[in-house]
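# Reading the structure
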Amino acid sequence: MPDPLVDDARVVEFLGDAYPVLARFHELLTSQGVLRGLIGPHEVSRLWERHLLNSAAVAAFLPTSGRLIDVGSGAGLPGVVLAAMLPDVEVILLDPMERRCEWLTEVIEQLGLTNASVRRGRAEEMHGELLVDAVTARAVAPMDRLGRMTMPLLVKGGVLVALKGRQAAVEVAKARGALKKMGAGVPEILEARTIDGVESTTVVRVVRETVRGSSKSKA
Ligand SMILES: C[S@@+](CC[C@H](N)C(=O)[O-])C[C@H]1O[C@@H](n2cnc3c(N)ncnc32)[C@H](O)[C@@H]1O
């Protein structure tokens, strides 16, 4: 079944200038993405609703300049979408799998996303090497593990935005201790809204308040 939101005027309006690029990304995922096993065939009919619009909605919780890493980008969600939505942000798409990195490299070239680049590796391997203003992640790890993986990548005041869905509150409750230990502030659970009739996405937003040692040295 084709995606019922293709050519929907509300999608065009919601995405604004990013629409043409994301419509092309939709085509690539529908054709090549399915053939190459990056996205399941049953996802084609809900690509806008379940994958692209909710990724785009996350832009509202992110800085509009600086550097962002999308950890575990996979097919490019939400990272490729965010690179289109936030043209003044330098977006690094990080994934350990070679096949996925090849796909991401081809996609950003075909979409002309000059503000995006691809790094192969695990988030933990980037500690001490990459320092960014924002991290995003969807379907990568539970909140406690995600905090340990990503907090060291953030500058003080940097933000982690994790797309979590219905499990957000349960995961946050379990992760509070781990997040605090990693220098995170109080996690916020927020709804990323798109268009009428499309379910919103629950995200967890956490700011890195202290970097190791900084709270002591300030006292
Ligand atoms: C379930 S997929 C989700 C992909 C994409 N974010 C999405 O929502 O469609 C999880 C992705 O995280 C990547 N991954 C797993 N562990 C990781 C780590 N430690 N650091 C970075 N990426 C990781 C995997 O290779 C995979 O592409």
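Residues numbered from 1 in each chain as written. Predicted model: local features only at pLDDT ≥ 70, side-chain atom pairs only at ≥ 80, totals over all residues. Heavy atoms only, no water.

Applied cut-off: UniProt positions are given in the numbering used here, feature names are shortened, and annotations may be inferred rather than shown by experiment.
The protein chain is annotated in an unreviewed UniProt entry as Ribosomal RNA small subunit methyltransferase G of Pengzhenrongella frigida. Within the UniProt record for the protein chain, the comment given under Function (unreviewed entry) is "Specifically methylates the N7 position of a guanine in 16S rRNA." Its UniProt record gives the protein chain a comment under Sequence similarities (unreviewed entry), which states: "Belongs to the methyltransferase superfamily. RNA methyltransferase RsmG family."

## Some words on the packing of aromatic side chains
We count it as follows: Paired rings are identified among Phe, Tyr and Trp, the last through its six-membered ring, by centres lying within 6.5 Å, and are further divided according to the angle between planes into stacked (under 30 degrees), edge-to-face (over 60) and tilted (the rest). Numbering goes from the N terminus for both helices and strands, where a helix is a DSSP run of H or I of at least four residues and a strand is a run of E of at least two. The buried label applies to any residue whose accessible area, calculated with a 1.4 Å probe on protein chains only, is under 20% of its type's maximum; exposed applies above 50%, and partly exposed to all values in between.
Per the stated rule, a full pass over the model turns up one aromatic pair. Residues Tyr19 and Trp48 carry aromatic rings whose centres are separated by 6.0 Å and whose planes lie at 20° to one another, so their mutual orientation is stacked. Remark: Trp48 occurs in helix α3 (residues 47-57) and Tyr19 occurs in helix α2 (residues 19-35); sequence separation between them is 29 residues. Of the two residues, Tyr19 and Trp48, neither departs from the other in class, the shared state being buried.

## Here's the deal with the environment of Leu160
Note the threshold: Contacts were defined at the residue level, with two residues in contact if any of their heavy atoms lie within 4.5 Å.
Tracing the backbone shows Leu160 in strand β5 (residues 154-163). Residue classification places Leu160 among the buried residues on the basis of a relative accessible area of 0%. Other than its neighbours up to four places away in sequence, Leu160 contacts Val135, Met143, Thr150, Met151, Leu154, Val204, Arg205 and Val206.

## Observations concerning the site of the ligand
In plain terms, the rule: Any residue with a heavy atom lying within 4 Å of a molecule or strand is counted as near it. Polar contacts, as counted here, are pairs of nitrogen or oxygen atoms within 3.5 Å of one another; within protein the pair requires one atom able to donate a hydrogen and one able to accept it, and residues that are adjacent in sequence qualify only if both atoms are side-chain atoms. Areas reported as accessible are Shrake-Rupley estimates using a 1.4 Å probe. Residue values count occlusion only from the protein chains shown.
Looking at the ligand, there are 17 residues lining it, with Gly72, Leu77, Asp95, Arg100 and Arg138 nearest. Taking Arg122, its side chain carries an N or O atom lying 3.5 Å from a nitrogen atom of the ligand. For the ligand, whose accessible area on its own is 590 Å², the fraction buried by protein is 80%.

## Some words on helix α7 (residues 168-181)
In plain terms, the rule: What a helix is expected to span follows from its residue count: subtract one and scale by 1.5 Å. At every residue, the bend is computed as the angle between two fitted axes, covering the seven residues ending there and the seven beginning there respectively.
Here α7 contains 14 residues, and its C-alpha end-to-end distance of 19 Å stays within 8% of the 20 Å for a straight helix at 1.5 Å per residue. Of all the bends in α7, the largest measures some 55° and sits at Ala175. Along α7, the residues classified as buried are Ala168, Glu171, Val172, Ala175, Ala178 and Leu179. Buried-residue contacts for α7 involve α6 (143-150), β6 (188-192) and β7 (201-207). Downstream of α7 by one or two residues, Gly183 has phi in the positive range, about 90°.

## Examining a positive patch on the surface
We apply this condition: Residues with no salt bridge and a relative accessible area higher than 30% make up the patches, which join like charges within 9 Å and nonpolar side chains (Val, Leu, Ile, Met, Phe, Trp, Tyr) within 5 Å. Any carboxyl oxygen of Asp or Glu within 4 Å of a side-chain nitrogen of Lys or Arg constitutes a salt bridge here. For this count, His and the chain ends are skipped, Lys and Arg are scored as positive, and Asp and Glu as negative. A charged residue contributes its charge at one atom only: NZ of Lys, CZ of Arg, CG of Asp or CD of Glu.
A contiguous patch of positive charge, built from Arg122, Arg145, Arg148 and Lys181, is present on the exposed surface. Exposure remark for Arg122: the relative accessible area of 45% places this residue in the partly exposed category.

## Thoughts on the sheet that holds strand β2 (residues 89-95)
This is how the line gets drawn: Here, any two strands with at least 2 DSSP bridges between them count as paired. To obtain each axis, a line is fitted to C-alpha atoms, and for helices this fit is confined to the stretch in contact; angles are then taken between N-to-C directions over 0 to 180 degrees.
Strand order in this open sheet of seven strands is β3-β2-β1-β4-β5-β7-β6, and the pairing throughout is mixed. Since the sheet does not close on itself, it has two edges, and those belong to β3 (116-120) and β6, each with one partner. When the angles between neighbouring strand axes are averaged without regard to direction, this sheet yields 25°. In the sheet, β6 pairs with β7 via five bridges, with the strands oriented antiparallel. Note that in β7 the partner of Ala192 across the bridge is Thr201. This element, helix α5 (residues 98-111), spans β2 and β3 of the sheet and lies at about 170° to β3.

## Examining the side chain of Ser73
Among the secondary structure elements, Ser73 is positioned in the loop between β1 (66-71) and α4 (79-85). By relative accessible area, Ser73 is classed as buried at 2%. Once residues lying within four places of it in the same chain are set aside, the contact partners of Ser73 are Gly79, Leu93, Leu94, Asp95 and Leu104.

## Here we look at α3
Most of α3 is tucked away, with nine of its 11 residues classed as buried. The complete set of buried residues in α3 reads Leu47, Trp48, His51, Leu52, Leu53, Asn54, Ser55, Ala56 and Ala57.

## A few points about the packing of α2 against α5
Short version of the rule: Roughly parallel covers angles under 35 degrees, roughly antiparallel covers those over 145, roughly perpendicular covers 65 to 115, and oblique covers all other angles. Here is the rule for handedness: rotate from the far helix to the near one, and if that takes an anticlockwise turn smaller than a right angle the crossing is left-handed, while a clockwise turn gives right-handed.
Relative to each other, α2 and α5 sit at 140°, their axes nearing to 10 Å. Judged by the angle between their axes, α2 and α5 are oblique. The handedness of the crossing between α2 and α5 comes out as right-handed. In this structure, α2 uses Val21, Arg24, Phe25, Leu28, Leu29, Gln32 and Gly33 to contact α5, whose residues at the interface are Trp103, Val107, Gln110 and Leu111.

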